[in-house]
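Working through the structure, step by step
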Amino acid sequence: MDTKIKQELVDIFYAGVNAVSGFQATHNALISESHFTPDFIIAVGKAASGMCAGALTAMADPCPALLITKYQHTDQMMLDHPTVTVIESAHPVPDKNSLLAGQAMLNAVSDLSAGSQLLLLVSGGTSALSELLPAEMSLAEWQNLTQKMLACGFNIGQINAQRKKTSLIKDGKLLKNFTGEQLLVLAISDVEGDDISVIGSGTGDPKHVTSNKTLKLIGTNQVARQACATTAQDLGYQVQVNIENLYQDIHRAAVEIAQHLTSGPKGLYIFGGEPTVNLPKNPGSGGRNQSLALALALHIRGLENIYILVAGTDGSDGPTDAAGGIVDGRTVQDIAAAKTALKEADAGSCLRQTEHIFITGPTNTNVMDLVIAVKL
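I will try to describe carefully the structure that is included in this document. Everything numeric in this text was worked out from a predicted model, so none of it was measured.

Attention shifts here to the sheet that holds strand β10 (residues 324–328). Here 6 strands make up an open sheet; going across it, the order is β7-β8-β12-β9-β10-β11 and the pairing mixed. Every interior strand has two partners, whereas the edge strands, β7 (239–246) and β11 (357–358), have only one. Against the sheet, helix α9 (residues 221–234) makes contact with β7, β8 (267–273) and β12 (369–375), and its axis sits at roughly 160° relative to β7, the strand it touches most.

Structure below.
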């Protein structure tokens, strides 16, 4: 792969990610709310560590905070912070720590006094990372149902709809327990339409809150894509497509993207959203972004003028350490092996073998996925 073009794709991706940085977006939002001085902070989701850090650095006097995020997604500064309690749990399938986190959130909200101010920071991943189940449902039952929905290719809206029915803290139920004076909810969206009732399955939905409340969306896929487009233009590319359309199965998404690229003019193409993938009984290594990257590599096999980066803006793609993949017309040398890898949900292994894997580590944000393609 052309190293210059690869680096430009990576730079464009990071421009999008940095534009919705949990730290910076939260810091800026709290500075603009100078009248608001929280007595307690709850930060939950994959971007929670950066969001919590951004809030605390914007405050003259840090207050107690509860930070709930995915394993190995907490910055050392937050782990060492004297006022921050950290709970790390599992994603996308919840574990026992998810239940501990859900109970801790409910306790924190319920214990706030009548005159208190609460800052709730919500980002993608919240639904799995924090949960409180009714007495009639065990964790094992809920894990099994979650795994079935993921394996069947349910999209995030469908999964969150089921979570809202079951959970004791989602669909506005958590904040129903808030009796303080003022609530500020800052959210980074990882869902189509950026609906607070869907983000985190409505964990930050203030619909039942009767006291003073403010809700702000501080990070979306649109913001990230626009930052990608601006950086691409600065690099000399003409942006031909910039749309949020990835809400279908990865194979359908690959066909549509490939059609744009093969029939369209030279330039840069940006797609956003969160496609789905159907999993076999015993999936291999990879996630939807690695699968989409490999599927695209098959479609552009033999073409020497197309380069594609596919990655999750949170830096994690399924239960792997990769964010996605960077592919071109030379990525797939063995068609049968690539097709088998896709069928077995083992795209990650295939991309690692060909050195087309893309690893970023946690990014402290989450606005779904990005596909960035260059046609020369």
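Bringing the layout of surface pockets into the picture now. If you add up the space inside the largest pocket, you get close to 930 Å³. Put simply, the parts of the chain that give the lining of the largest pocket at least two residues each are α6 (126–129), α7 (139–151), α8 (156–166) and α11 (288–299). Taken together, the residues that form the lining of the largest pocket break down as 16 nonpolar, 20 polar and 11 charged. Reported here for the second largest pocket is a volume of approximately 180 Å³. Taken together, Leu30, Ile31, Glu33, Ser34, Phe36, Thr37, Pro38, Ala58, Met59, Ala60 and Asp61 form the lining of the second largest pocket.

Tallying each qualifying case throughout the model produces 10 salt bridges. Among the ionic pairs, glutamate 8 bridges to lysine 4, the shortest N-O distance being 2.8 Å. In this pair, glutamate 8 and lysine 4 both sit in helix α1 (residues 3–19), 4 residues apart, roughly one turn of the helix. Judged by its relative accessible area of 55%, lysine 4 falls in the exposed class. A salt bridge links aspartate 314 to lysine 46, with the shortest nitrogen-to-oxygen separation between them at 2.5 Å. Placement of the pair is aspartate 314 in the loop between β9 (306–312) and β10 and lysine 46 in the loop between β1 (40–44) and α3 (48–57), with a sequence separation of 268 residues. Beyond isolated ion pairs, a larger network of salt bridges with shared partners links Lys164, Asp171 and Lys207.

Per the stated rule, a full pass over the model turns up 2 aromatic pairs. Consider the rings of phenylalanine 13 and tyrosine 14, whose centres lie 5.5 Å apart with planes at 70°: the pair is edge-to-face. Exposure remark for phenylalanine 13: the relative accessible area of 0% places this residue in the buried category. Residue tyrosine 14 is classed as partly exposed on the basis of its relative accessible area, which comes to 27%.

On to helix α5 (residues 96–111), then. Structurally, the α-helix is built with 3.6 residues per turn, so residues lying three or four positions apart point the same way. For α5, built from 16 residues, the straight-helix expectation of 22 Å at 1.5 Å per residue is met to within 8% by its first-to-last C-alpha distance of 23 Å. Along α5, the positions that sit buried rather than exposed are Ser98, Ala101, Gly102, Met105, Leu106, Ala108 and Val109. Along the axis of α5, the buried positions cluster into a sector of 160°, meaning they face one direction only. Exposed and oriented more than 90 degrees from the buried face of α5 are Lys96, Leu100 and Asp111. Those residues of α5 that are buried lie in contact with β1, β2 (65–70), β3 (84–89), β4 (117–122) and α6. Two or three places before asparagine 97, at the opening of α5, aspartate 95 has a side-chain oxygen 3.1 Å from that residue's backbone nitrogen.

Between its first and last C-alpha atoms α7 spans 18 Å; for 13 residues at 1.5 Å apiece the expected length is 18 Å, and the two agree. Of all the positions in α7, only Leu139, Trp142, Thr146 and Met149 are classed as buried. Projected down its long axis, α7 shows its buried positions confined to an angular sector of 90°, all on one face. The secondary structure elements touched by the buried residues of α7 are α5 and α8. Where α7 ends, the next residue or the one after it, glycine 153, has phi of about 80°, a positive value.

Rules used in this analysis
- Residues numbered from 1 in each chain as written.
- Predicted model: local features only at pLDDT ≥ 70, side-chain atom pairs only at ≥ 80, totals over all residues.
- Heavy atoms only, no water.
- Pairing = 2+ DSSP bridges.
- Helix = DSSP H or I, 4+ residues; strand = E, 2+ residues; numbered from the N terminus.
- Contact = heavy atoms within 4.5 Å.
- Axes fitted to C-alpha atoms, helices over the stretch in contact; angles between N-to-C directions.
- 1 Å grid on protein atoms, 1.4 Å probe; cavity = no way out; pocket = protein on both sides within 12 Å on 5 of 7 lines; lining within 4 Å.
- Points joined across faces, edges and corners; volume = space filled by probe spheres on them.
- Nonpolar A, V, L, I, M, F, W, Y, C, P; charged D, E, K, R; others polar.
- Salt bridge = Lys/Arg side-chain N within 4 Å of Asp/Glu carboxyl O.
- Buried < 20%, exposed > 50% of the residue type's maximum accessible area, 1.4 Å probe, protein only.
- Phe/Tyr/Trp six-rings, centres within 6.5 Å; stacked < 30°, edge-to-face > 60°.
- Expected span 1.5 Å × (residues − 1).
- Arc of directions from axis to C-beta.
- Polar contact = N/O pair within 3.5 Å; in protein donor to acceptor, adjacent residues only side chain to side chain.

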